[in-house]
Amino acid sequence: MKIRNSTQNDLEQLLSIYAYAREQMRAAGNPSQWKDCYPPAEQIITDIQNQNSHVVTESSEILAVFAFILGDDPTYARIEDGNWLNNEPYGTIHRIAASGRKKGIFRCCLSFCEAKAANIRADTHACNGTMQHLLETNGFQKCGRIYVADGSPRIAYHKIVCKTASTPLS
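Everything in this summary refers to the structure shown in the same document.

What counts, and at which threshold
Residues numbered from 1 in each chain as written. Predicted model: local features only at pLDDT ≥ 70, side-chain atom pairs only at ≥ 80, totals over all residues. Heavy atoms only, no water. Helix = DSSP H or I, 4+ residues; strand = E, 2+ residues; numbered from the N terminus. Rg over C-alpha atoms; globule rule 2.2 N^0.38 Å. Buried < 20%, exposed > 50% of the residue type's maximum accessible area, 1.4 Å probe, protein only. Contact = heavy atoms within 4.5 Å. Pairing = 2+ DSSP bridges. Axes fitted to C-alpha atoms, helices over the stretch in contact; angles between N-to-C directions. Salt bridge = Lys/Arg side-chain N within 4 Å of Asp/Glu carboxyl O. Phe/Tyr/Trp six-rings, centres within 6.5 Å; stacked < 30°, edge-to-face > 60°. Lys NZ or Arg CZ within 6 Å of the ring centre and 35° of its normal. Core = buried A, V, L, I, M, F, W, Y, C linked by side-chain atoms within 4.5 Å.

**Side note on the overall build of the protein chain**
Looking only at helices and strands, one finds 4 helices and 7 strands in the protein chain. Going from N to C terminus, the protein chain has its helices and strands arranged as β-α-α-β-β-β-α-β-α-β-β. Against the globule reference of 15 Å for 170 residues, the protein chain gives a C-alpha radius of gyration of 15 Å, in line with a compact fold. In terms of overall dimensions, the protein chain has C-alpha extents of about 40 × 35 × 30 Å along its principal axes. Scored against the burial criterion, the 170 residues of the protein chain give a buried share of 45%. Considering only residue pairs separated by 6 or more positions, the protein chain has 69% of its internal contacts joining residues 24 or more positions apart.

Dropping the structure here:
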């Protein structure tokens with residue numbers, strides 16, 4: 001599997017993967033984390049334009065999409081019922097979704113992110129047991145609760161990749 005930046009030409013496939021992910025969330029008992037239109041096409045386009053959107057491919061087939069954003073995330077400025085593991089620079093994994101055609105997608109994405117940042121943060125809905133399991137089995141620690149733009153709560157996770165680094169890796 002390889003990871004590359006998403007392009008505008010990928011948009012239809014990305015929308016399809018996100019639609020599949022929403023269906024899988026509902027089937028797994030998580031009907032409210034991503035409503036019918038999340039993420040909206042405008043958000044995906046912005047991620048692509050900002051070079052934050054990435055796809056996992058194999059033999060030119062797109063298997064997954066995710067956003068990885070270096071720098072402060074405004075929704076992470078306030079955390080309740082806990083604390084971040086540190087206040088060092090970090091990258092955030094957002095909007096990860098897979099086509100369901102291949103196993104090991106999360107580990108592949110995480111390896112990519114770990115090569116770019118000494119600290120990685122993520123969040124997920126309380127009903128998203130699949131993502132909680134993936135985060136926890138890959139070294140993330142629950143840190144508390146944050147609130148996303150619409151005001152709904154999310155479980156906040158943090159992983160320290162390199163305990164001695166204090167800035168993002170390039």
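**Quick look at the sheet that holds strand 2 (residues 53-58)**
Reading across from one edge, 1-2-3-4-5-7-6 is the order of the 7 strands in this open sheet, with mixed pairing throughout. The two strands at the open ends of the sheet, each matched to only one other strand, are strand 1 (2-5) and strand 6 (141-147). For this sheet the average axis-to-axis angle between neighbouring strands, irrespective of direction, equals 30°. In the packing of helix 1 (residues 11-27) onto the sheet, the strands contacted are strand 2, strand 3 (61-70) and strand 4 (91-98), and the crossing angle to strand 3 comes to about 90°.

**As for the pattern of salt bridges**
Throughout the structure, instances matching the rule amount to 10 salt bridges. Of the charged contacts, one joins Asp-10 and Arg-4 as a salt bridge, the two residues approaching to 2.8 Å between their closest N and O atoms. A relative accessible area of 5% means that Asp-10 is categorised as buried. For Arg-4, a relative accessible area of 34% translates into the label partly exposed. One continuous salt-bridge network, built from bridges that share partners, spans Arg-78, Glu-80, Asp-81 and Arg-145.

**Notes on the packing of aromatic side chains**
Tallied over the full model, the rule gives 5 aromatic pairs. Geometrically, the ring pair formed by Tyr-76 and Trp-84 is tilted, given 5.0 Å between the ring centres and 40° between the ring planes. Among the residues examined, Trp-84 registers a relative accessible area of 12% and is labelled buried. In this structure, Arg-121 packs its charged tip against the face of Trp-84, placed 4.0 Å from the ring centre. Against the face of Tyr-90 rests Arg-121, its NZ or CZ located 3.9 Å from the ring centre.

**What to know about the side chain of Arg-95**
Turning to its location among the elements, Arg-95 is positioned in strand 4. In contact with Arg-95, other than residues within four places in its own chain, are Tyr-18, Trp-34, Tyr-38, Pro-39, Gln-43, Asp-47, Val-65, Phe-66, Ala-67 and Ile-69.

**A short note on the pairing of strand 3**
With respect to burial, strand 3 is a largely interior element, 7 of its 10 residues being buried. With antiparallel pairing between neighbouring strands as the criterion, strand 2 and strand 3 make up a hairpin whose turn holds 2 residues, including Ser-59 at a positive phi of roughly 50°. Pairing geometry for strand 3 and strand 4, over 6 bridges, is antiparallel. Pairing of Ile-69 across the sheet is with Thr-92, part of strand 4.

**Some points on the nonpolar core**
Phe-66, Ile-93, Ile-120 and Phe-140 are the most contacted members of the largest nonpolar core, which has 22 residues in total. Of all elements in the fold, only strand 3, strand 4, helix 3 (105-114), strand 5 (119-124), helix 4 (129-137) and strand 7 (153-160) reach the threshold of two or more residues within this core. Among the elements that line this core, the one with the most residues is helix 3, at 7 residues. When near neighbours in sequence (up to four residues on either side) are disregarded, Phe-140 contacts Ile-93, Phe-106, Leu-110, Ile-120, Arg-121, Ala-122, Leu-135, Tyr-157, His-158 and Lys-159.

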